[in-house]
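Observations on the model geometry
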Amino acid sequence: MEFSNEQLERYSRHMVLDGIGKDGQEKLFNAKVLIIGAGGLGSPAALYLAAAGIGTIGIADNDIVDLSNLQRQIMHTTAGIGTSKADSAEKAMSGINPDIKVNKYKMFLNQDNIMEIIRDYDFIIDATDNFDSKFLINDTCVIAGKAFSHAGVTRFQGQLTTYIPGVSPCYRCMFKSPPPEDAVPKGSQAGIIGAVCGVTGSLQALEAVKYITGTGELLAGRFLIFDALAMKFRTVKFYRDHECAICGTSQVKTGL
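Residues numbered from 1 in each chain as written. Predicted model: local features only at pLDDT ≥ 70, side-chain atom pairs only at ≥ 80, totals over all residues. Heavy atoms only, no water.

1. Things to note about a nonpolar patch on the surface
A cluster of nonpolar residues, Phe 156, Ile 193 and Leu 229, forms a patch on the protein surface that exposes about 290 Å² of accessible area. Structurally, Ile 193 can be placed in the loop between helix H9 (187-190) and helix H10 (194-213). Residue classification places Ile 193 among the partly exposed residues on the basis of a relative accessible area of 36%. (Patch = residues over 30% accessible without salt bridge, like charges linked within 9 Å, V, L, I, M, F, W, Y side chains within 5 Å. Areas by Shrake-Rupley, 256 points an atom, 1.4 Å probe, with all protein chains shown as cover. Salt bridge = Lys/Arg side-chain N within 4 Å of Asp/Glu carboxyl O. Helix = DSSP H or I, 4+ residues; strand = E, 2+ residues; numbered from the N terminus. Buried < 20%, exposed > 50% of the residue type's maximum accessible area, 1.4 Å probe, protein only.)

In structure tokens:
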């Protein structure tokens, strides 16, 4: 593709990078990334992907902006309280980069609609805050053969891994099923430091950019844990469970 002079200037810091360059920027412009959740994780992920020049970004969230969100959900503003998070996200992303296309899904994703929504996207970002959604996203992506980034945050800690179809173990290989109801406190109960969401969501955006451009090593088969209090990162290797209910070698899953 031919970049305009404005685009050449906008993406100049990418184009001088070994491993990205003009070819990589063209890949980003032609890519489609779906972000499920426009909250603490989805905010930094969406803003950085918009700034990076991802051509099409989908944002799925049926919630509205609340005052308590603003401590960590940096995509939204005080003026936007009471409005749709999807609309607020579109406004923020388009404000950073008018080149991009934003697809809004003002709905909660479930087993009846998720497959239809993700099928046109190259990479999925799980920016949700509940276990049922995380397992649904994992199972759908495995069945559909879609790469995705999982992340979670609580208190002063973030965690992250990336699934690559046919290459890495899936989320269920490490965590077999959702924990019992109320076994893990919600963010409103446990608390979350906002900047941990920023670090973790930004890493999700970075994984998407690396996957699309084919640059660097992804977190496939590795679980990254970020401890903000100790300011330490560590990675734990995990392996495919051949008895996994969704990606195990003896399983043939065709439906959710």
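Having put the structure on the table, let's press on.
2. Some details on the environment of Gly 194
On the secondary structure map, Gly 194 appears in helix H10. For the pair Gly 194 and Ile 164, spaced 30 residues apart in the sequence, the C-alpha separation amounts to 28 Å.

3. As for helix H3 (residues 21-30)
Listing the buried residues of H3 in full gives Gly 21, Gly 24, Gln 25 and Leu 28. Around the axis of H3, the buried residues are gathered within 100° of arc, so they sit on the same side. Exposed side of H3, more than 90 degrees from the buried face: Asp 23 and Asn 30 are the residues found there. Of the surrounding elements, those touching the buried residues of H3 are helix H2 (12-15), helix H4 (42-52) and H10. (Arc of directions from axis to C-beta. Contact = heavy atoms within 4.5 Å.)

4. Quick look at the packing of H4 against helix H5 (residues 85-96)
In contact at an axis separation of 8 Å, H4 and H5 are set at 35° when each is read in the N-to-C sense. The handedness of the crossing between H4 and H5 is right-handed. The residues of H5 that touch H4, namely those facing Ala 46, Leu 47, Ala 50 and Ala 51, are Ala 92, Met 93 and Ile 96. Considering only residue class, the contact of H4 with H5 consists of seven nonpolar, no polar and no charged. (Axes fitted to C-alpha atoms, helices over the stretch in contact; angles between N-to-C directions. Left-handed = near helix turned anticlockwise from the far one by under 90°. Nonpolar A, V, L, I, M, F, W, Y, C, P; charged D, E, K, R; others polar.)

5. Considerations on the sheet that holds strand S1 (residues 32-36)
Pairing is mixed in the open sheet, where eight strands are placed in the order S3-S2-S1-S4-S5-S6-S7-S8. Unpaired on one side and paired on the other, strand S3 (101-105) and strand S8 (232-237) mark the two borders of the sheet. Averaged over all adjacent pairs, the angle separating strand axes in this sheet is 15°, with direction ignored. Sitting on the sheet, helix H7 (residues 131-144) is in contact with S1, strand S4 (123-126), strand S5 (147-154) and strand S6 (157-163), with an inclination near 165° to S5. (Pairing = 2+ DSSP bridges.)

6. Topic: empty space enclosed by the protein
Taken as a whole and assessed by the stated rule, the structure comprises one cavity of 30 Å³ or more. Here the largest cavity defines a volume of roughly 30 Å³. As for the largest cavity, its lining consists of Phe 148, His 150, Thr 161, Thr 162, Tyr 163, Pro 169, Cys 170, Tyr 171 and Phe 238. Those elements giving two or more residues to the lining of the largest cavity turn out to be S5 and S6. No other element matches S6, which puts three residues into the lining of the largest cavity. (1 Å grid on protein atoms, 1.4 Å probe; cavity = no way out; pocket = protein on both sides within 12 Å on 5 of 7 lines; lining within 4 Å. Points joined across faces, edges and corners; volume = space filled by probe spheres on them.)

Any functional reading would require information beyond the geometric quantities listed.
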